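# Commentary on secondary and tertiary structure
This is what each chain is made of:
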Amino acid sequence: HTHMSYVRLKLETGRSHQIRIHMSEMGFPLVGDLLYGYSIKKMRDMGVSRFFLHAAELGFVHPTTGKEMLFKTPWPAADKVQLHKFGFSDEELSK
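## Concerning the overall build of the chain
Across its full length, the chain carries 4 helices and 2 strands. Secondary structure elements in the chain, listed N-terminal to C-terminal, are α-α-β-β-α-α. Counting only C-alpha atoms, the chain reaches 50 × 30 × 20 Å along its principal axes. Per-residue burial over the chain gives 20% buried out of 95 residues. Expressed as a percentage of contacts within the chain between residues at least 6 apart in sequence, the contacts between residues at least 24 apart total 29%.

As structure tokens, then:
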């Protein structure tokens, strides 16, 4: 996987940039995230034009009804093509 890992993270709060900041502080910036430490050279070498972060699930309690709401969406097709080029399988991406 060319020195990268596919990770699934769960947010504890809705703070802006939470995943990006914490991953960068641990020494693992998101692929293509120039704001938080990813190298432009690595991006060029990999043929990447933006950073890779996908909200696969979004859940919250509806403020009026109190009903739990959950929305799920797969990776966009173009992103999956790039992830396959990185060496990740459909099985890894669907976990």
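## Here's the deal with helix H1 (residues 18-25)
Residues Gln18, Arg20 and Met23 constitute the buried set of H1. Just beyond H1, the residue with positive phi is Gly27, at close to 90°.

## Overview of the side chain of Arg20
Counting through the fold element by element, Arg20 comes out in helix H1. A polar side-chain atom of Arg20 sits 2.7 Å from a polar atom in the side chain of Asp33. What Arg20 contacts, discounting residues up to four positions off in sequence, is Leu30, Asp33, Leu35, Tyr36, Phe51 and Leu53.

## So, the nonpolar core
Here is a general trend for soluble globular proteins: nonpolar side chains tend to be buried in one another's company. In this structure, Met4, Val31, Tyr38, Met43, Val48, Phe52, Trp75, Leu83, Phe86, Phe88 and Leu93 together form the largest nonpolar core, which totals 11 residues. The contact partners of Leu83, leaving out residues within four places of it in the chain, are Phe52, Trp75, Phe88 and Leu93.

## What to know about the pairing of strand E1 (residues 57-61)
Relative to strand E2 (residues 68-72), E1 runs antiparallel, the two being bridged by 5 bridges. Residue pairing for E2: Phe60 is matched across the bridge by Met69.

## A closer look at the confidence of the model for the chain
With 98% of its residues at a pLDDT of 70 or more, the chain has an overall mean of 88. Within the chain, helix H4 (residues 90-93) has the poorest average pLDDT of any element, 87, and E2 the best, 96.

## A word on the pattern of salt bridges
One pass over the full model with this rule turns up 5 salt bridges. Taking the shortest distance from any N to any O, the salt bridge between Lys80 and Asp90 comes out at 3.3 Å. Here Asp90 lies in helix H4 and Lys80 lies in helix H3 (residues 77-86), a separation of 10 residues in the sequence. By relative accessible area, Lys80 is classed as partly exposed at 28%. Judged by its relative accessible area of 43%, Asp90 is partly exposed.

Rules used in this analysis
- Residues numbered from 1 in each chain as written.
- Predicted model: local features only at pLDDT ≥ 70, side-chain atom pairs only at ≥ 80, totals over all residues.
- Heavy atoms only, no water.
- Helix = DSSP H or I, 4+ residues; strand = E, 2+ residues; numbered from the N terminus.
- Buried < 20%, exposed > 50% of the residue type's maximum accessible area, 1.4 Å probe, protein only.
- Contact = heavy atoms within 4.5 Å.
- Polar contact = N/O pair within 3.5 Å; in protein donor to acceptor, adjacent residues only side chain to side chain.
- Core = buried A, V, L, I, M, F, W, Y, C linked by side-chain atoms within 4.5 Å.
- Pairing = 2+ DSSP bridges.
- pLDDT = per-residue confidence, 0-100.
- Salt bridge = Lys/Arg side-chain N within 4 Å of Asp/Glu carboxyl O.

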